[in-house]
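Fold and contact review
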Amino acid sequence: MTTYAALLRGINVGGSKKVPMAELRTLLQGVGFGGVSTYLQSGNAIFTADGGDEDSLAADITAAIEKHFGFTVDVLVRDHAYLQAVLEACPFPAAELQPKQLHITYFSAPVAPERFAPIDQQAFLPEEFRLGDRCLYLYVPDGLGRSKLAEALSKPRLVKGLIATSRNWNTVVKLAELTRA
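Residues numbered from 1 in each chain as written. Predicted model: local features only at pLDDT ≥ 70, side-chain atom pairs only at ≥ 80, totals over all residues. Heavy atoms only, no water.

Some words on the pattern of salt bridges
Rule in force here: By definition here, a salt bridge exists when the distance from a side-chain nitrogen of Lys or Arg to a carboxyl oxygen of Asp or Glu is within 4 Å. Relative accessibility thresholds used throughout: buried, under 20% of the residue-type maximum; exposed, over 50%; partly exposed, between the two (1.4 Å probe, protein chains only). Each helix corresponds to a stretch of at least 4 residues labelled H or I by DSSP, and each strand to a stretch of at least 2 residues labelled E; elements are numbered beginning at the N terminus.
If you walk through the whole model with that rule in mind, you get five salt bridges. Here Arg134 makes a salt bridge to Asp133, at a shortest N to O gap of 3.6 Å. Classification of Arg134 by relative accessible area gives buried; the value is 18%. A residue is classified by how much of its surface remains accessible, and Asp133, at 47% relative accessible area, is partly exposed. One salt bridge in this structure joins Glu177 and Lys174, with 3.8 Å as the shortest N-O distance. Pair noted here: Glu177 and Lys174 are both in helix α6 (residues 169-178), with a separation of three residues, about one helical turn. Overall, the relative accessible area of 30% leaves Lys174 in the partly exposed class. Each of the salt bridges in this network shares a partner with another, and the network as a whole consists of Glu54, Arg78, Asp133 and Arg134.

The structure is reproduced here in structure tokens:
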């Protein structure tokens, strides 16, 4: 059995795509997953499975959500080893920062640096970003809500063809803890 985190994109925001966590837990159990729990209301589920890969598990969850709720939700599934590696590879001094200053955007596929080459990082300092393994590390000293860099990075042309979903550093740390077997 492997423990995974399912990262649902864009649910329970602004009154649309409402997915109550209790229903999500029941739904995931119905798919056949074990040890199901959720973290926060923003679309983080923990579960165990003994077969499949991350993409097929994500597809199973996406299909179950669409059948049950009647709308499509993008889902990424990541195992503990990946989540822990993202933590350990952080290029910013996470221990010295407030959690609201550091965010991770997880991507559905590897991202080449050329994709973000149009972003003039110097123009956004002191905000910064660095690419990692299927993720982007974002340092925003004044928080995400005021970040001009975060706005620039979320342009549809930059993330075209990818599923991208972001989590703050507290959530990143907690998901790695919750998936530890």
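So that's the structure; there's more coming.
Examining the packing of helix α3 (residues 80-88) against α6
How we decide: Fitted lines through C-alpha atoms serve as axes, helices being fitted only where they are in contact, and the angles separating the N-to-C directions of these axes extend from 0 to 180 degrees. Reported orientations rely on four angle classes, namely roughly parallel under 35 degrees, roughly antiparallel over 145, roughly perpendicular from 65 to 115, and oblique for the rest. Whether a crossing is left-handed or right-handed is set by the direction in which the near helix is turned from the far one by less than a right angle, anticlockwise for left-handed and clockwise for right-handed. The contact rule is simple, with two residues in contact once any of their heavy atoms fall within 4.5 Å. Side-chain classes are defined by residue name, with Ala, Val, Leu, Ile, Met, Phe, Trp, Tyr, Cys and Pro counting as nonpolar, Asp, Glu, Lys and Arg as charged, and the others, Gly among them, as polar.
Orientation of α3 relative to α6, taken along the N-to-C sense of each, is 140°, at an axis distance of 9 Å. The angle between α3 and α6 falls in the class oblique. Seen from above, α3 lies across α6 with left-handed handedness. On α6, the residues touching His80, Leu83, Gln84 and Leu87 of α3 are Trp169, Val172, Val173, Leu175 and Ala176. Of the residues that constitute the contact of α3 with α6, the class distribution is seven nonpolar, two polar and no charged.

Here's the deal with the nonpolar core
This is how the line gets drawn: For this analysis, a nonpolar core means a set of buried residues of the types Ala, Val, Leu, Ile, Met, Phe, Trp, Tyr and Cys, connected via side-chain atoms within 4.5 Å.
Ranked by size, the top nonpolar core spans 23 residues in total, and within it Leu24, Phe47, Ile61, Ile65, Val75 and Val77 carry the most contacts. Among the elements that take part in this core, helix α2 (residues 54-69) stands out by supplying six residues, more than any other. Contacts of Val75, omitting those with residues within four sequence positions, involve Ala6, Leu7, Leu8, Ala58, Ile61, Thr62, Ile65 and Ile163. Membership of the second largest hydrophobic core comes to 22 residues, among which are Leu7, Val86, Ile104 and Cys135.

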